[in-house]
Amino acid sequence: MTDTEIVEQLRNNKYSKAVNGLYIALPSIKKYICANSGTEEDAKDIFQDALVILYKKANSTEFVLTVSLSTYLNAIAKNLWLTELRRRKKLPAEESNADIADVVTEEETGFIIATTAFNLLGEKCRQLLMLFYFKKKNFKEIAGILAFSDEKIAKNQKYRCIQKAKENYVTLLKNDTHG
């Protein structure tokens, strides 16, 4: 089953069919959690919590999958596990980023924050950026697809969307480091 089909199954409340396709992520989540002060039971609990979050996200009209479901589910699980470690006080707040590197790399955190910043954009902004960067459409084509009156408006809107994504990223980054 493809990632798109799994998301559709979740949206159509066919949870058991969708979950079967998601269990491929469980071994890597188990390995990660067991290597970072957890047990197999912890991993199963975190995996179940991650599935619930994925289910809720997939049913949101704002949800756009920009990475594989396995990567997305792993990122959710890692964030949940970090939260649990902090709750258990096995990951003191005073530890430096270098000490935390074994748990989650700065690159992974940056990627998760960037993906979240993108997903916080409005539907039209996400569509515009996807059309421009991933589908390589020019501004004239984008204006036609998104019903802008001309390509200058599409170009200006792209600039605004990028600025909003940057604002989201900075806000999320501050919350991640100070929250």
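Quick note: structure is the one above.
So, a few notes on the structure that sits alongside this text. Computed from a prediction, not measured in an experiment: that's the story for all the values here.

## Concerning the pattern of salt bridges
Right, so step 1: Evaluated as defined, the whole model comprises five salt bridges.
Right, so step 2: For Glu167, the salt bridge identified is with Lys164, shortest N-O distance 4.0 Å. Here Lys164 and Glu167 lie together in helix H10 (residues 151-178), a separation of three residues that amounts to about one turn.
Right, so step 3: Of the residues examined, Lys164 reaches a relative accessible area of 40% and is grouped as partly exposed.

## A word on the packing of helix H2 (residues 15-22) against helix H4 (residues 40-58)
Right, so step 1: Contact geometry for H2 and H4: axes closest at 12 Å, N-to-C directions at 120°. Judged by the inter-axis angle, H2 sits oblique to H4. With respect to the hand of their crossing, H2 and H4 are arranged in right-handed fashion. Contact residues: Tyr15, Val19 and Leu22 in H2; Phe47, Leu51, Val52, Leu54 and Tyr55 in H4.
Right, so step 2: Considered class by class, the residues forming the contact of H2 with H4 number eight nonpolar, no polar and no charged.

## Digging into helix H1 (residues 3-11)
Right, so step 1: Among the residues making up H1, those that are buried are Ile6, Val7, Gln9 and Leu10. One face of H1 carries all of its buried residues, which in axial projection span an arc of 155°.
Right, so step 2: Positioned one or two residues after H1, Asn13 has a phi angle of 60°, which is positive.

## Quick notes on the environment of Ala43
Right, so step 1: Take Ala43: it is sitting in helix H4.
Right, so step 2: Its relative accessible area of 0% is what places Ala43 among the buried residues.
Right, so step 3: Each C-alpha atom of the pair Ala43 and Lys31 lies 8.3 Å from the other, and the pair is twelve residues apart in sequence.
Right, so step 4: With sequence-adjacent residues up to four places away left out, Ala43 is seen in contact with Leu26, Ile29, Lys30 and Ile33.

## Comments concerning helix H5 (residues 69-87)
Right, so step 1: Compared with the 27 Å implied by 1.5 Å per residue over 19 residues, the 27 Å span of H5 between its first and last C-alpha is a close match.
Right, so step 2: Within H5, the full set of buried residues consists of Leu69, Tyr72, Leu73, Asn74, Ala75, Ile76, Ala77, Lys78, Trp81, Leu82, Glu84 and Leu85.
Right, so step 3: Positive backbone phi, approximately 65°, marks Lys89, located one or two places after H5.

## Observations regarding the packing of helix H3 (residues 26-34) against H4
Right, so step 1: Contact geometry of H3 with H4 gives a least axis separation of 9 Å together with a crossing angle of 130°. On the basis of the axis angle, H3 is oblique to H4. With respect to the hand of their crossing, H3 and H4 are arranged in right-handed fashion. Between H3, through Leu26, Ile29, Lys30, Ile33 and Cys34, and H4, the contact on the second element is made entirely by Glu40, Asp42, Ala43, Lys44, Ile46 and Phe47.
Right, so step 2: Taken together, the residues of the contact of H3 with H4 break down into seven nonpolar, no polar and four charged.

Each value, and the rule that gives it
- Residues numbered from 1 in each chain as written.
- Predicted model: local features only at pLDDT ≥ 70, side-chain atom pairs only at ≥ 80, totals over all residues.
- Heavy atoms only, no water.
- Salt bridge = Lys/Arg side-chain N within 4 Å of Asp/Glu carboxyl O.
- Helix = DSSP H or I, 4+ residues; strand = E, 2+ residues; numbered from the N terminus.
- Buried < 20%, exposed > 50% of the residue type's maximum accessible area, 1.4 Å probe, protein only.
- Axes fitted to C-alpha atoms, helices over the stretch in contact; angles between N-to-C directions.
- Parallel < 35°, antiparallel > 145°, perpendicular 65-115°, else oblique.
- Left-handed = near helix turned anticlockwise from the far one by under 90°.
- Contact = heavy atoms within 4.5 Å.
- Nonpolar A, V, L, I, M, F, W, Y, C, P; charged D, E, K, R; others polar.
- Arc of directions from axis to C-beta.
- Expected span 1.5 Å × (residues − 1).

This is a description of form; function is not addressed.
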